[in-house]
Amino acid sequence: MLLIRTYHEKHHYGQVSSSFVPFPFSMEVPSKKLESFVGARIDDKSVDKLPGIGSVALKELQKNGYDKAAKLFGRYLMCDEDEQQLKSFLLQNGVRKNRSYQGAVFKAFQAWSEQHLGTR
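Scope of this entry: the structure provided in the associated data block. (Residues numbered from 1 in each chain as written. Predicted model: local features only at pLDDT ≥ 70, side-chain atom pairs only at ≥ 80, totals over all residues. Heavy atoms only, no water.)

Focus: the environment of Gly-65
For the record, the criterion: Each helix is a run of H or I in the DSSP string that is no shorter than four residues. Each strand is a run of E no shorter than two, and both are numbered from the N terminus. Residue exposure (1.4 Å probe, protein chains only): buried if accessible area is under 20% of the type maximum, exposed if over 50%, otherwise partly exposed.
Topologically, Gly-65 is positioned in the loop between helix H2 (55-63) and helix H3 (69-78). Here Gly-65 falls in the partly exposed class, since its relative accessible area comes to 28%. Taking the C-alpha atoms as reference points, Gly-65 and Asn-93, separated by 28 residues in sequence, lie 9.5 Å from one another.

Observations regarding H2
For an α-helix, the turn length of 3.6 residues means that residues three or four places apart are oriented alike. Formally: Summarising the geometry, the arc corresponds to the directions from the helix axis toward the C-beta atoms. The criterion used for residue contact is that any of the two residues' heavy atoms lie within 4.5 Å.
For H2, every residue scored as buried is listed here: Ala-57, Leu-58 and Leu-61. Considered in projection along H2, the buried side chains sweep an arc of 105 degrees and stay on one side of the axis. Exposed positions of H2 whose direction lies more than 90 degrees from the buried face are Ser-55, Val-56, Lys-59 and Lys-63. Buried-residue contacts for H2 involve H3. Gly-65 sits one or two positions beyond H2 and adopts a positive phi of about 90 degrees.

A short note on the nonpolar core
Applicable threshold: By convention a nonpolar core is built from buried Ala, Val, Leu, Ile, Met, Phe, Trp, Tyr and Cys residues, the set being connected through side-chain atoms within 4.5 Å.
Counting residues in hydrophobic clusters, the biggest one holds 26 residues, and the most contacted among them are Phe-37, Leu-50, Ile-53, Leu-72, Leu-86, Val-105 and Phe-109. For this core, the element with the most residues is helix H5 (residues 99-117), which contributes six residues. Ignoring anything within four residues of it in the chain, the contact list for Phe-109 reads Phe-37, Leu-50, Ala-69, Leu-72, Phe-73, Tyr-76 and Leu-86.

A short note on the packing of aromatic side chains
The geometry of two aromatic rings is summed up by the distance between their centres and the angle between their planes. What counts, and what does not: For this analysis, a ring pair means two rings from Phe, Tyr or Trp (six-membered ring only for Trp) whose centres lie within 6.5 Å, classed as stacked if their planes differ by under 30 degrees, edge-to-face if by over 60, and tilted for the remaining angles. Whether a charge lies above a ring is judged from NZ of Lys or CZ of Arg, which has to be within 6 Å of the ring centre and within 35 degrees of the ring normal.
Under the criterion given, the structure shown has seven aromatic pairs. An angle of 35 degrees between the planes, with centres 5.5 Å apart, marks the rings of Tyr-76 and Phe-109 as tilted. Of the two residues, Tyr-76 sits in helix H3 while Phe-109 sits in helix H5, which places them 33 residues apart along the sequence. Using a relative accessible area of 1% as the deciding quantity, one classes Tyr-76 as buried. Residue Phe-109 is classed as buried on the basis of its relative accessible area of 0%. Here the guanidinium or amino end of Lys-71 rests over the ring plane of Tyr-66, the centre of that ring lying 5.8 Å away.

Set out below in C-alpha cells:
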C-alpha cells in the first residue's frame, strides 16, 4: 500500500507537522496533483486542481457552472459515488479528451472522500 503525506497545523514553535496516511490505490503511483488535492481541504479550490482537468476541460466546466472543486464534488455525491455516472456527467460537461481523465477525477474524489470523510 502506498502512503501519502498530509500536512497539519503549525505548532507554536513554527514547525509544520506531517503524517503519512494509506493511499487507497495500491497498484498506481499517485501524481503530485493527486497528492496535493487529496492531502488538503477542498475549500475554494478551482476544478483545475483536480487530476484529469486541464485548461480545455476547465473552460467547459466553468461554462456549465462548475468552477469549484467543491461544487463538482457535490455532483460526485449526487452520482452516489458511482464511477460510471460521474464519467457520464463529466463527458456531457466538457471532460471529453480521454476516459482516463474522467477516471482520474473519480479517483481523486474517492481518495479525498476516504481521507477526509472516512470510509462510507
